[in-house]
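Notes for the structure review
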There are 2 protein chains.
Amino acid sequence: MAGPIEFYFDFSSPYGYLAAHRIEAVGAESGREVLWRPILLGAVFKATGQSPLVSQPLRGPYHLHDLQRTARRQKLRFQLPADFPMATIAAARAFYWVEQRSPAEAKRLAVALFDAVFAQGINISATDSVVAIAQAAGFDSDDLRAGIAAAEIKARLKAETDQAIERGIFGSPFFIVDGEAFWGNDRIPDLRDWLASGGW
Amino acid sequence: MAGPIEFYFDFSSPYGYLAAHRIEAVGAESGREVLWRPILLGAVFKATGQSPLVSQPLRGPYHLHDLQRTARRQKLRFQLPADFPMATIAAARAFYWVEQRSPAEAKRLAVALFDAVFAQGINISATDSVVAIAQAAGFDSDDLRAGIAAAEIKARLKAETDQAIERGIFGSPFFIVDGEAFWGNDRIPDLRDWLASGGW
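Heads up: these notes are all about the structure in this document. Please read all numbers here as calculations on a predicted model, not as lab measurements.

All names here are of chain B. Here we have four strands laid out as an open sheet, ordered β2-β1-β3-β4, and mixed in their pairing. Because the sheet does not close on itself, it has two edges, and the strands there are β2 (34-38) and β4 (180-183). Direction aside, neighbouring strands of the sheet carry axes that sit 20° apart on average. Where strand β1 (residues 5-9) meets β2, five bridges bridge the pair, whose relative direction is parallel. Across the sheet, the residue bridging to F9 is P38, located in β2.

Here is the structure:
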């Protein structure tokens, strides 16, 4: 099997939500596994001096409108939560805990968390919120709570975020395949074309 | 005829250069006139607190690589000029001077200026450079020099830039059609799809 598509995102990234609903289809059609890699974008923004898109003058209103129309195009519900951006450390740790045993289950949890935030407007910053959403999706709440608090999981998330910065990742969603980087939900068509054509 | 596609750009915008070579085809296939509107992005960045992409940590290297691969895909030469970003006030004024008499000729001049910058790496910040490039493309140098210095042309460029900021434009290239905004060369496929499908 050819190398994977690495899919970096933050759970508070609205374009990450849109991408999470599209990227597995690209992996399937190109015969590539997709490795989901939640990171903490706050640490990345510290390194780049950027701020969340929707909080920027002029850019914010454009992107909010663009998110709404793009969600309609992808036939997804979308709302920007009242509490935005929000802390996603518990969500990301929950992901890596589940991923140790099953990457597929971790993806299912990730979609449930993304949908809670951007389809339902739920604040997932608290561990209790993450656990409640996971439980509704069939995950064991005690197990998940232990995982979120586990030292090796905390270290894993920190290592993934540090490595993302080292690799030049500066936003979400961000894809790397065969060493080639694509930034943004709007670049998924380019990523598909790159894989189908063998690159430009 | 349906309403126009307004194409805002700055002559020092590398993605603007790539877009300038694609947007007329979109206008032709959708039956829309394309109105080219050079502006001064420096004034826009003051309003948004942004800086040129390629000068930002992490984002800069990504975008330089992306420009090179996208130019290959569009079968265009590309280089980032040694002097970048550069002042484009003379180029934009020259455009509006020519446009008063012929929008088509102004587009031809715009492409010649963009190609000088991003295919050949020429610095067009000086009026002499703009006039030399225009002359090589068949424009009257004395006439153009007078136009660049004309008070009404200076006022026109200022008014276009002010209006662009008022309309929420924050980057280059930026397209507006039927009140719908699309930012970036990479959104031209979305713009095409929007026009072909009647919107999402």
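What follows continues from the structure just given.
One pass over the full model with this rule turns up 38 salt bridges over all chains. Here R187 of chain A ties to D190 of chain A by a salt bridge, and the two come within 3.4 Å at their closest N and O atoms. You can call R187 of chain A buried: its relative accessible area is 4%. The exposure class assigned to D190 of chain A is buried, which follows from its relative accessible area of 13%. Look at the salt bridges and you will find they share partners, linking D66, R69, R73 and D186 of chain A together with E180, R187, D190 and D193 of chain B into a network.

Before going further, it helps to examine the interface of chain B and chain A. Each partner contributes residues to the interface: chain B has 30 residues there, and chain A has 30 residues. Taken together, both faces of the contact between chain B and chain A bury some 3,000 Å²; the carbon and sulfur share is 51%. At the junction of chain B and chain A, the tally comes to 10 salt bridges. Across the pair R73 of chain B and D190 of chain A runs a salt bridge whose closest N-O atoms are separated by 2.9 Å. Linking chain B to chain A there are 18 residue pairs in polar contact (both at pLDDT 80 or more). For the side of chain B that touches chain A, the secondary structure elements donating two or more residues are α3 (41-48), α4 (59-73), β4 and α10 (188-197) of chain B. Looking at the side of chain B that touches chain A, the element that brings in the most residues is α4 of chain B, giving eight residues.

Now for the packing of aromatic side chains. This structure, assessed with the given rule, holds 46 aromatic pairs over all chains. Between the aromatic rings of F9 of chain B and F11 of chain B, the centroid separation amounts to 5.1 Å while the plane-to-plane angle is 85°, which identifies the pairing as edge-to-face. There is no split in this pair, since F9 of chain B and F11 of chain B are both buried. An angle of 80° between the planes, with centres 5.3 Å apart, marks the rings of F170 of chain B and F174 of chain B as edge-to-face. Like F174 of chain B, F170 of chain B is buried. Chaining the aromatic ring pairs together yields one cluster made of F7, F9, F11, Y17, W36, F78, F84, F95, Y96, F114, F118 and F175 of chain A. Stacked on the ring of F182 of chain B, the Lys or Arg R69 of chain A has its end atom at 4.2 Å from the ring centre.

Moving on: the sheet that holds strand β1 (residues 5-9) of chain A. All names here are of chain A. Ordered in space as β2-β1-β3-β4, the four strands form an open sheet in which the pairing is mixed. The sheet is open, and its two borders are formed by β2 (34-38) and β4 (180-183), each paired with just one other strand. Ignoring which end each strand starts from, the neighbouring axes of this sheet average 20° apart.

So, about the side chain of R37 of chain A. All names here are of chain A. Positionally, R37 belongs in strand β2. Engagement of the side chain of R37 in a polar contact is seen with the side chain of E99, the distance being 2.8 Å. Those residues in contact with R37, other than ones at most four positions away along the chain, are F7, Y8, F9, F95, Y96, E99, R156 and E160.

Parameters at a glance
Counting restarts for each chain, with residues numbered from 1 along the sequence as it is written. Each chain gets a letter, beginning with A, and each ligand a number, beginning with 1, in the order they are written. Whole-chain, interface and lining totals are the exception, using all residues; otherwise, since this is a predicted model, local features are given only for residues with pLDDT of at least 70 and side-chain atom pairs are given and counted only at 80 or more. Side-chain numbers come from the whole structure's heavy atoms, not from hydrogens or water. Note on pairing: two strands pair once DSSP finds at least 2 bridges between them. By definition, any uninterrupted DSSP run of H or I lasting at least four residues is a helix, any uninterrupted run of E lasting at least two residues is a strand, and each is numbered from the N terminus. Orientation is described by axes fitted as lines to C-alpha atoms, over the contacting stretch for helices, and by angles from 0 to 180 degrees between their N-to-C directions. Here, a salt bridge means any Lys or Arg side-chain nitrogen found within 4 Å of an Asp or Glu carboxyl oxygen. To sort residues, take the accessible area from a 1.4 Å probe on protein chains only and compare it with the maximum for the residue type: under 20% means buried, over 50% means exposed, and anything in between is partly exposed. Whether two residues are in contact is decided by their heavy atoms: any pair within 4.5 Å suffices. Buried area adds together the accessible area that both of two parts lose upon being put together, with accessible area traced by a 1.4 Å probe. Each polar contact in these results corresponds to two N or O atoms within 3.5 Å; when the atoms are within protein, one needs to be able to donate a hydrogen and the other to accept it, and residues that are neighboring in sequence are counted only if both atoms are side-chain atoms. Stacked, edge-to-face and tilted labels apply to pairs of Phe, Tyr and Trp rings (six-membered ring for Trp) whose centres lie within 6.5 Å, assigned for plane angles under 30 degrees, over 60, and everything in between, in that order. A positively charged side chain is recorded as over a ring if its NZ (Lys) or CZ (Arg) lies within 6 Å of the ring centre. The angle to the ring normal must also be within 35 degrees.

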